[in-house]
Structure formats: structure tokens, C-alpha cells
Amino acid sequence: MPPAPNDSDMLVRVRGLHFGHGTRKIYDGVDVDIPRGKVTAIMGPSGTGKTTLLRIIGGQWRPQQGTVEFDGVDVHKATQSKLYAMRKHMGLLFQNGGLLTDLSVFDNVAFPLREHAKLPEAMIRDLVLMKLEAVGLRGARDLFPEQLSGGMSRRVALARAIALEPDMVMYDEPFAGQDPISLGVLMRLIRSLNQSLGITSVVVSHDVDELLSIADHVYILGGGKVLDHGTPDSIRHSQSALVQQFLKGEPDGPIAFHYKARPYSEDLLGADR
Amino acid sequence: MSAALTIIGDFLAGLGRAQFFLLKILGALPATLLRPRLVVHQVYSVGVLSLIIIVISGSFVGMVLGLQGYRTLVRFGAEDSLGVFVAMVIVRELGPVVTALLFAGRAGSALAAEIGLMKATDQLSAMEMMAVDPMRRVIAPRFLAGLISMPLLSGIFCVMAIGVAGGHAIGVELLGVDAGSYWSQIRASVAAEDLVQSFTKSAVFGFTISWVAVYQGYHAAPTSDGVSRATTSTVVVSSLAILALDLALTAFMFR
């Protein structure tokens, strides 16, 4: 039996997380550990708050209860300057890219370097081209965000997220809208960033097979709780009916496909028609 | 009664939030001043690109004042005072006020829409996650650019309205008022104090429009409707604030 991981093995520790929007509860006491130097997958049905978790870890949203520690420091108790110093060590790839629309692809990737690295422009140019080469978009350096497809935008955003070579990169749906070739390259890139630079990766995605093939550790979220977590193999063999329904994509099971509503017949034949 | 109290409460809460936001902008200004290129870029965006509408509007307003003034003054044989009439009305009142209303419509709405869209498309969030403070990088430079641009545009409006293609074109070139009388009476009547007060008004209006625009944009709901509402609110709130402030400033300055 492997030794229990100690605190220093964990880059992020989430404890007793409660969060909601208005009356809608998203998290009801969630504990998550992100191991240092590993690829952690966060999966779960739509609307379970996977993106919310990334924003809470990044300190953009504040939990109603609970704590989030990044490298041993409470993210939500840090001053703004400490929080910003912490963020230099974490990158977030937004679901829609979040590219700055008045800057070219090159300038978008150069943005964090120019803001923080204080490097000569020639070195910034080389670094940017290396990052763009890694995502296959070196030739698109002069394009503007409105000229890119959704998948290309996310690849540029990925190049930007790794520009400062942070300790941790959080990927929000990195595989959405990617063709099979790009998808394969991105999966290898996430894995190689992890292996060659030791970057801790947190990947949120619905692409079950792809994610299980590159992850070291997997969390399945649902109903405001952690449904299961463990290695990809243990998740594949999970006894939870919820997890099995999600992994196999079955329409019938404990996870409802339909958003909570009154009976269909009542809606069609009811008094308010 | 309770509805009225709710409206007043919401208004006061909004005012409080806006003042807190202003303090954050002022706190970010020193860092912004260290990066003048950001401000210069925004001065081009909100100031230089507003030039055409200011130049054309100034000319038309000056021409109308020239026609109206001449029509009234000629009945008393005082058409030589046309320059004073046009200059006083423009410098003291219409220059700052009309420029501010146009600036709110052209630059204020553009600022609010730009910032609102940056919020809706996660650009501001992305900056935060890259450890770049949007207050310093986006909001403060735009606020400062509005503050700088507005008095300059007001000055250009006044020049266009009084001379060049405005009152001078109509009064002197078209209606035959003596050019010497037109300009010498302006020099004799318009004091440095008038220019300072005109500048003060336009600076106050610039401050107000920029504040309203960046506040509305930053607090816009991240939807197309939210951005649309922020843009509309910027123009409506700024315009009303300009007119109310103009009354207050005029009463204070010319008491």
C-alpha cells in the first residue's frame, strides 16, 4: 500500500468548500487535493461547477465557506498583492480563450512576459515563437482573435497560459472544438509540460477517454459533492452508479438529463397553456 | 411609499459603489502615470477619434449663433458686437456643455461598451489571472484619457465655433460684419477668467463622463443586454450629470 500523501505533496488543498449563486447551491462541502507535479482531471455533468472550482482556486470567486490553499497559502485571505504574486505561479486557460481582442496572437502570448518578465524584446520574441510552435500556431502570429476559430483561440490561450512557465496550469475545456489532430497534439503537450517541466495540471473536460488517458488522478463531481476520486483505473471500475452513468454516457440512471421541471404532460396540458 | 424608498436606497447604494470604484481608480493612477504609452494610446482612442464630430458640431453651432445673433443685433444697429455675443455664449456655456454632451455620446458610450465587452468575453478575468490588475491596465488609463481629452476638445470646439468656419464665417464672410470689430471686441470682452472657467467646466465634465463610463462598463452584466444597458446608462447619466453640474458650476462661478 503506498504511503499516504503528506501536505507538501499537495499544491492545492480545498477543504469544506461551499459555494452557490443566489439560491442555487453548487458546492456543498467539497474537499479536493491537487497533487504537485501531476495531471489532475476534474470531470462531471454540465452545471456541476467545474469551471467555478477553477475560478475559486484562482481567487477570482470567494467561497461561502471553506478554504483553498495554494502552496500552503490561503488564497482568499491573501492581500491583493500576495494574490497577484500567487497568480504568477498559476495559469488559467479560459473556456472561450479570453484573448485580448485588440492584440494580435503574438502580442497576446507576449502580454504576460512584457508585464512581468522584464526581458529584452528579442528574447520575448523567441519565447513567444517557441510557445506558439508548441501549439502549432507560429504561422498565425499576426492574426487577430476575431480571425481565429474557437479551437485556435484556445490553443493561443494555452500558449499564453504557459508563457511564464507557471507551477500550475488550469485548463478549462481545452479539447472543445479541436479536430482530432489538434486534440492529440494538445493531449501530448499537456502531458509533456507535466513531465518535462514538472508543471502541475488541472484539466476540466467532458472528454472522458482522452482525459482518463493522460490523468494521474481524477475527481468526479456531481450534486455539489465529490462523487468519486482516484486513479483513472479505479475510476473506471468505480462502484458508483452515478460515475458509471457519466463515464458511459448513458441517458438513464441516477443523473437526470433533464433540468429539474414539473411533469411534461402538466406543462403541455396544464391550465397555463 | 416603499417603492420610492427602494428606488432611493438603490440610488444611494449605486452612488456609494461608484464612489468606492472612483477611489480604486485614483489608487491605480500613480501606476498608470508610470506607463504614459497606455494613456497616450487611449487619448488617441477617445480624444483624437472624437475630433471630427467636435469640429463639425462646433462649426454648425457657431454658424447658427452667428445667424441668430446677427438677426437680433442688427435691429439695434449693434451687429459689430456679434463677436462678443458668439464668443461669450460659446466660451462660457455652449463650448464645454455641447462638447461634453457629444463626448458622452461618442467616447463615453464607446468606453462603456469596450470595457463591458472585455468583461463579457473574460478578457478582464484573464488579465487578473495573469496577475495584471485591470484597474491599472484598462480602467485608469481610459479614465485619465477622458479627463485629458475633454478640455482639449472643448477648446477646439470653441475655436471652430467662434472663428474659422463658425460665427466668423457667417458674420464676417457672409453677412458683412467688419472683421476688425468682430475680433477686437472679442479680445476686449473675453477675459482670462472666462477661459479658466470654461476650462474648469470642461475638466469637471470630462472627469464625470469618464467616471460614469468606466463604472458602467466595469459593472455591466456580462451579456449583450448588459453591455447595451451600460452604454445607454452612460449616455443618459452623463448627460443629466453634465446639465446639473453646469447649473451648479455656473451659479458658483458667476455669482
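First things first, this report covers the structure right here in the doc.

Conventions used here
Residues numbered from 1 in each chain as written. Chains lettered and ligands numbered in written order. Predicted model: local features only at pLDDT ≥ 70, side-chain atom pairs only at ≥ 80, totals over all residues. Helix = DSSP H or I, 4+ residues; strand = E, 2+ residues; numbered from the N terminus. Buried ≥ 20, exposed ≤ 12 C-beta atoms within 10 Å, placed from the backbone. Contact = placed C-beta atoms within 7 Å. Core = buried A, V, L, I, M, F, W, Y, C linked by C-beta atoms within 7 Å. Pairing = 2+ DSSP bridges. Axes fitted to C-alpha atoms, helices over the stretch in contact; angles between N-to-C directions. Nonpolar A, V, L, I, M, F, W, Y, C, P; charged D, E, K, R; others polar. Parallel < 35°, antiparallel > 145°, perpendicular 65-115°, else oblique. Left-handed = near helix turned anticlockwise from the far one by under 90°. Expected span 1.5 Å × (residues − 1).

## Points about the overall build of chain B
Next, step 1: Assigned secondary structure in chain B consists of 10 helices and zero strands.
Next, step 2: Each helix and strand of chain B, placed in order from N terminus to C terminus, yields the pattern α-α-α-α-α-α-α-α-α-α.
Next, step 3: Counting every position in chain B, which comprises 255 residues, the buried fraction comes to 47%.
Next, step 4: Across chain B, contacts joining residues at least 24 apart in sequence account for 86% of those joining residues at least 6 apart.

## Structural notes on the nonpolar core
Next, step 1: Core analysis: the biggest nonpolar cluster contains 138 residues, and Met170(A) and Val214(B) have the highest contact counts within it.
Next, step 2: Not counting residues within four places of it along the chain, the set of residues in contact with Met170(A) comprises Leu54(A), Ile57(A), Gly58(A), Met90(A), Leu92(A), Leu93(A) and Val202(A).

## Let's talk about the sheet that holds strand 7 (residues 168–172) of chain A
Residues and elements named next belong to chain A.
Next, step 1: The six strands lie next to each other as 6-7-8-3-9-10, forming an open sheet whose pairing is mixed. In this open sheet, the two edge strands, each paired with only one partner strand, are strand 6 (90–93) and strand 10 (225–230). Within the sheet, the average angular offset between the axes of one strand and its neighbour, ignoring direction, is 15°.
Next, step 2: Two elements, strand 7 and strand 8 (residues 200–204), share five bridges in a ladder whose sense is parallel.

## Re the sheet that holds strand 4 (residues 65–70) of chain A
All names here are of chain A.
Next, step 1: As summarised here, the arrangement of the four strands in space is 2-1-4-5, forming an open sheet in which the pairing is antiparallel. Looking at which strands have only one partner, the edges of the open sheet turn out to be strand 2 (24–35) and strand 5 (73–74).
Next, step 2: Of the pairings in the sheet, the one linking strand 4 to strand 5 comprises two bridges and is antiparallel in character. Along strand 5, the bridge assignment pairs Glu 69 with Asp 74.
Next, step 3: The sheet contacts of helix 1 (residues 50–57) involve strand 1 (10–21), strand 2 and strand 4, and relative to strand 1 the element is tilted by about 120°.

## Things to note about the interface of chain A and chain B
Next, step 1: Listed as interface residues are 15 residues of chain A and, on the opposing side, 11 residues of chain B.
Next, step 2: Elements supplying a minimum of two residues to the side of chain A that touches chain B: helix 2 (80–87) and helix 3 (105–116) of chain A.
Next, step 3: Of the residues in the side of chain A that touches chain B, the class split is six nonpolar, six polar and three charged.

## Some details on the pairing of strand 6 of chain A
Residue and element names in this part refer to chain A.
Next, step 1: Covered by surrounding structure in strand 6 are Met 90 and Leu 92 together with Gly 91 and Leu 93, the residues of both alternating faces.
Next, step 2: Strand direction decides the pairing type here: strand 6 and strand 7, joined by four bridges, are parallel. Directly across from Gly 91, in strand 7, lies its bridge partner Val 169.

## Some points on helix 3 of chain A
Residues and elements named next belong to chain A.
Next, step 1: Among the residues making up helix 3, those that are buried are Val 105, Phe 106, Asn 108, Val 109, Ala 110, Phe 111, Pro 112 and Leu 113.
Next, step 2: On its buried face, helix 3 is in contact with helix 4 (121–134) and helix 5 (150–161).
Next, step 3: Positive phi shows up at Lys 118, right after helix 3, with a value of about 50°.

## Concerning the pairing of strand 10 of chain A
Walk down a regular strand and you will see the side chains alternate between the two sheet faces.
Residues and elements named next belong to chain A.
Next, step 1: Pairing analysis gives five bridges linking strand 9 (residues 217–222) to strand 10, with the strands arranged antiparallel. Paired with Leu 221 across the bridge in strand 10 is Val 226.
Next, step 2: Hairpin connection between strand 9 and strand 10: a loop of two residues separates the two successive antiparallel strands, and Gly 223 in this loop has a positive phi of roughly 60°.

## A short note on the environment of Ala107(B)
All names here are of chain B.
Next, step 1: For Ala 107, the location among the structural elements is in helix 4 (residues 82–120).
Next, step 2: For the pair Ala 107 and Ser 210, spaced 103 residues apart in the sequence, the C-alpha separation amounts to 8.8 Å.
Next, step 3: Look past the residues within four positions of Ala 107 in its chain and what remains in contact with it is Val 46, Ser 50 and Gly 146.

## Brief notes about unusual backbone geometry
Residues and elements named next belong to chain B.
Next, step 1: Phi at Asp 122 is positive, roughly 65°, even though this residue is not glycine.
Next, step 2: Positionally, Asp 122 belongs in the loop between helix 4 and helix 5 (123–129).
Next, step 3: A positive phi angle, near 65°, is found at Ala 131, a position not held by glycine.
Next, step 4: Mapping Ala 131 onto the fold places it in the loop between helix 5 and helix 6 (134–162).

## A word on the environment of Gly176(B)
Next, step 1: Structurally, Gly176(B) can be placed in the loop between helix 7 (167–174) and helix 8 (179–189).
Next, step 2: Sequence separation of Gly176(B) and Glu79(B) is 97 residues, and the distance between their C-alpha atoms is 9.5 Å.

## Some words on the packing of helix 9 (residues 192–218) of chain B against helix 10 (residues 224–253) of chain B
How two helices pack is summed up by the angle between their axes together with the distance between the axes.
Residue and element names in this part refer to chain B.
Next, step 1: Direction vectors running N to C along helix 9 and helix 10 enclose 155°, while the axes themselves pass 9 Å from each other. Between helix 9 and helix 10, the angle is such that the two are roughly antiparallel. For the pair helix 9 and helix 10, the sense of crossing is right-handed. Of the residues in helix 10, those in contact with Gln 197, Lys 201, Val 204, Phe 205, Thr 208, Ile 209, Val 212, Ala 213, Gln 216 and Gly 217 of helix 9 are Ala 230, Ser 233, Thr 234, Val 237, Ser 238, Ala 241, Ile 242, Leu 245, Asp 246, Leu 249 and Met 253.
Next, step 2: The residue makeup of the contact of helix 9 with helix 10, split by class, is 12 nonpolar, seven polar and two charged.

## Examining helix 6 (residues 180–197) of chain A
All names here are of chain A.
Next, step 1: A rise of 1.5 Å per residue sets the reference length of helix 6, with its 18 residues, at 26 Å; its end C-alpha atoms lie 25 Å apart and thus fit the reference within 8%.
Next, step 2: Residues of helix 6 that are buried in the fold lie against strand 3 (39–43), helix 5, strand 7, strand 8 and helix 7 (208–214).
Next, step 3: Gly 198 sits one or two residues past helix 6 and shows a positive phi near 70°.

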